[in-house]
Amino acid sequence: MMRSGVVSGRCDHRPGLHGLLLGLCLLLLPAVMPVLAGDDDRLQAARTALEQHDPLEALRHLPLESHRLSPPLVLQSLDIRAQAEAALGRHLDAITTWNRAHALAEDAASRSWARQQLMRWLEGLGTAELRALRSRASSPDTVQWLDEALRLRGIEPPSAARVAVAPARPAVPISAVPLPATVADMGTSVLQRTGVAGRVSPPRRIAVILPLTGRYGSVARGILQGIEAAHEDAGLASSVVLRLHDMGEDAGNVLRHYEEAVREGADLVIGPLSREAVDRLAARPGALPVPVLALNHSEGGGHYPAHFFRFGLNPEDEAVEVAQRAFAQGYRRAVVIVPRTALGERLQVAFRARFEALGGEVRSVQTFPHQATDFGDAIPVGVMGGGQGRGRRDVDMVFISGEPRHARLIVSQLRLHQAGDLPVFATSHVFSGRMDPGVDRDMEGVLVADMPWLLGQTGPRAGLETSLDASLKRWPRMAAFGYDAYRLGMRLGTLQQGGGERLHGLTGTLTVDDQGRVHRTLEWARFVDGSPRVISGWRQ
């Protein structure tokens, strides 16, 4: 009786049981409410989780019995499942799920839409990754989709006796495949919310505005080499025109160069680089006639005009990701050790804000001068082991940043103070970007968040660093940044549409929110025998 009363949403109020049953009903109702939620509500909750970059939560919300859903809801459910599987790195599962959606679609428009979803996602993968997936695929349908994606890049896939692959179908322009009316209610797209609905074709004239001379020259040239490498790899040199604008280090020059790019017929501007220049361009009066992909974020983080997108390698974002990762692994009491610099202050503030917002506690923040070689004073008593009368340990993790030489010494001295068993999390600043086991042997066990390209992950331009000019070898991250900026610019039309669209880049997994900000998810690695090794499946 009590159970049926709860499931129906009513409580049994028979005399004598009233108090007990009412209390049990109030206790159990919140736990069963998700079961009572309608299919539409569950799908909306799953979509929301995807938009918040939580694919596991999205999968949890999906209806368990999709066979009882109406055909439009089946397509929505399968699409969300495929996007979540892709975000978790389960790429072959994602292809299988999208293929199922394609097979179950009841009309031509729905089949075209399902195909479009899958092909757009495959477009975002690197060629090497497509080939690796094809070598592992066993399903004929999966092989056929991967072969089509390779052929669209002008690559003839290897023959495979075990399957009969149909000839590649011609690519269908995104704008030519309207979303079926039954599926179109999946939510207002980012493209519509930013006021640039309908502009989904890739740009044909790209203006690059960078400070190639002046104090930012070396960094800007590293970015430019990445942009040019991506342009070359795309095989679009004959159809897409790159026009370079050297604005120097004076931020006030950005408006003149932007107007010049507009007059020359550019349909995308990549740049500027400095935060001050980004602020100047964002404050330009009137609507932007040409979309902008700025390579930094504004100082104020305030209002941006439509068509103004921001992509940056923000250190604060790394600190936030460290906080989230550490909290997700169960750590609650942190000590922070960072340089006594403006950057160190920004990192510790960002880490602390996110860690404490999640429910953690920062017990101590220690700073050190840039020239430091002894970090004994930066290691608080609460971190030290209790073996020599130093007191109890009241923290369960350490967050550090600084140059590689700082990190090596900090980790060594943590061991010296009997705190070597504490997990140490770090931003990418502690890793030079080059594998050097002999030098980095003291970093054993350190967990670092960095771009997948530098951690040895397969990327579309695995040999990019070898193509850099000798004078730019110290800026490998900037080259990867430029490479991804070009690829983002070419795909803004699809990435703006939301719905879990993402780009698997050299710098991380990239998504665009409804305010035009590009979000970057890093890879995680642990130093083992002096080299960072990627932690497989860490998102799960």
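Refer to the structure above for everything that follows.
Note that the structure is predicted; figures quoted are calculated from it, not measured.

**Q** Go over the sheet that holds strand 7 (residues 361-368) with me, naming the residues and quoting the values.
**A** Across the sheet, which stays open at both edges, the 7 strands sit in the order 7-6-8-9-10-14-15 with mixed pairing between neighbours. Pairing within the sheet leaves two strands with one partner each, and these edge strands are strand 7 and strand 15 (531-534). Shown here is a sheet whose adjacent strand axes are inclined to one another by a mean of 25 degrees, direction ignored. Alignment of strand 10 (residues 447-450) against strand 14 (residues 523-528), held across 4 bridges, turns out to be antiparallel. In the sheet register, Ala449 faces strand 14, and the bridge partner there is Trp524.

**Q** Please provide a residue-by-residue account of the sheet that holds strand 12 (residues 509-512), values included.
**A** One open sheet holds the 3 strands; their spatial order is 11-12-13, and the pairing between them is antiparallel. Sheet topology places strand 11 (503-504) and strand 13 (518-521) at the edges, where each strand pairs with a single neighbour. Here strand 11 pairs with strand 12 via 2 bridges, running antiparallel. If you follow Leu503 over to strand 12, its bridge partner there is Leu510.

**Q** Can you lay out the side chain of Ser401 for me, pointing to particular residues and giving the numbers?
**A** In this fold, Ser401 is placed in the loop between strand 8 (397-400) and helix 16 (404-416). Only 3.5 Å separates the side chain of Ser401 from the side chain of His429, close enough to count as a polar contact. The residues touching Ser401, leaving out its near neighbours within four places in the chain, are Ile337, Val338, Pro339, Leu347, Phe368, Thr427, His429 and Val430.

**Q** How would you sum up the environment of His61? Please name residues and give values.
**A** Within the element layout of this structure, His61 appears in helix 4 (residues 55-61). The spacing of His61 and Ala49 is 12 residues in sequence and 8.7 Å in space, taken between C-alpha atoms. Excluding residues within four positions of it along the chain, His61 makes contact with Arg42, Ala45 and Ala46.

**Q** So what's going on with helix 13 (residues 275-282)? Residues and values would help.
**A** Buried within helix 13 we find Arg275, Ala277, Val278, Leu281 and Ala282. Axial view of helix 13: buried residues confined to an arc of 160 degrees, hence all on one face.

**Q** How would you sum up helix 15 (residues 342-358)? Please name residues and give values.
**A** Between its first and last C-alpha, helix 15 extends 25 Å over 17 residues, near the 24 Å set by a 1.5 Å rise per residue. Buried within helix 15 are the following residues: Gly344, Leu347, Gln348, Ala350, Phe351 and Phe355. Each buried residue of helix 15 lies within a common arc of 165 degrees when the element is viewed along its axis, so the set occupies one face. For helix 15, exposure combined with an orientation more than 90 degrees from the buried face picks out Ala342 and Ala357. On its buried face, helix 15 sits against helix 14 (315-328), strand 6 (333-339), strand 7 and strand 8.

Each value, and the rule that gives it
Residues numbered from 1 in each chain as written. Predicted model: local features only at pLDDT ≥ 70, side-chain atom pairs only at ≥ 80, totals over all residues. Heavy atoms only, no water. Pairing = 2+ DSSP bridges. Helix = DSSP H or I, 4+ residues; strand = E, 2+ residues; numbered from the N terminus. Axes fitted to C-alpha atoms, helices over the stretch in contact; angles between N-to-C directions. Polar contact = N/O pair within 3.5 Å; in protein donor to acceptor, adjacent residues only side chain to side chain. Contact = heavy atoms within 4.5 Å. Buried < 20%, exposed > 50% of the residue type's maximum accessible area, 1.4 Å probe, protein only. Arc of directions from axis to C-beta. Expected span 1.5 Å × (residues − 1).

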